[in-house]
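Topology and contacts: notes
The primary structure of each chain is shown beneath.
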Amino acid sequence: MHEIFLDELKKLNTQFMEMGVFVNDEIDHATRAFVDHDKKRAQAMVDDEEKIPHESLDIQKKALKLMALQQPVATDFRVVISILKATTDLERIGENAISIALETIRVKGNPRIPEVEEIISRMTHNVRHMLIQVLTAYVQDDGKMAKSVAAHDTEIDEDYVKARKLIIDGIENDPSVAVASSSYFVVTRLLERIGDHIVNLAMWVVYKTTGELEELSNPTEGKTI
């Protein structure tokens, strides 16, 4: 019976990882569309926006069914719980990517601020790297790596603060960038939230490996998980 459970759990882990890779690509597609003014790409993402929620729901249903039918021991139970929780955070990250795509469709070809778009590109690169690293930590049951990933969220927060200052300064110096700037505020905030969800993912990796729930965010930032 336990062999059947482990086989089904392996399939579930594979599906979870595939969802994670897809979500990571969606972050890239969304921010590239925004910076490149590519409304066609953004619209394609919006048209397919139900894919991630459907995948998330499918994983959660399978996880709950696995717990109900196989009655896992404590260690296996932690693994299933971590999948349930982590899948929710992946779904939220996907929702944030779709929101960036929607912002691309909304904003018009108004004057832009290149320095802010450079920060958006850097934030995108960093959160995508963090996401891949935390997924790797999940597969390898590496709580130490997960904590290291969570620590990099401070870099995302710092870039978010820098971007906000540049946006405000840009509006003061050139009111014509005000329309684009409203979108900058939204997109940088969404990327900052993605960083927060990755911290959550790291927390579930630690829980999976140790059974302990640890606060991994920086307490000085006043964040909650």
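The structure under discussion appears in the preceding block.
Residues numbered from 1 in each chain as written. Predicted model: local features only at pLDDT ≥ 70, side-chain atom pairs only at ≥ 80, totals over all residues. Heavy atoms only, no water.

Enumeration according to the criterion identifies three aromatic pairs in this entry. On the numbers, 5.8 Å between centres and 90 degrees between planes, the contact of Trp 204 with Tyr 207 is edge-to-face. You can see Trp 204 and its partner Tyr 207 sitting in helix H8 (residues 178-210), three residues apart, about one turn around the helix. For Trp 204, a relative accessible area of 12% gives the class buried. Overall, the relative accessible area of 13% leaves Tyr 207 in the buried class. Taking NZ or CZ as reference, Arg 112 lies 5.1 Å from the ring centre of Phe 34, over its face. Against the face of Tyr 138 rests Lys 208, its NZ or CZ located 3.7 Å from the ring centre. (Phe/Tyr/Trp six-rings, centres within 6.5 Å; stacked < 30°, edge-to-face > 60°. Helix = DSSP H or I, 4+ residues; strand = E, 2+ residues; numbered from the N terminus. Buried < 20%, exposed > 50% of the residue type's maximum accessible area, 1.4 Å probe, protein only. Lys NZ or Arg CZ within 6 Å of the ring centre and 35° of its normal.)

Glancing now at the pattern of salt bridges. A full pass over the atoms with the stated rule returns 15 salt bridges. Where Arg 32 meets Asp 28, a salt bridge forms, and the shortest distance between an N and an O atom there is 2.9 Å. Linking Arg 32 with Asp 28, this pair stays in helix H1 (residues 2-36), spanning four residues, or about one helical turn. Residue class for Arg 32 comes out partly exposed when judged on its relative accessible area of 46%. A residue is classified by how much of its surface remains accessible, and Asp 28, at 15% relative accessible area, is buried. In this structure, Asp 38 and Arg 41 form a salt bridge, with 4.0 Å as the shortest nitrogen-oxygen distance. Each of the salt bridges in this network shares a partner with another, and the network as a whole consists of Asp 25, Asp 28, Arg 32 and Arg 128. (Salt bridge = Lys/Arg side-chain N within 4 Å of Asp/Glu carboxyl O.)

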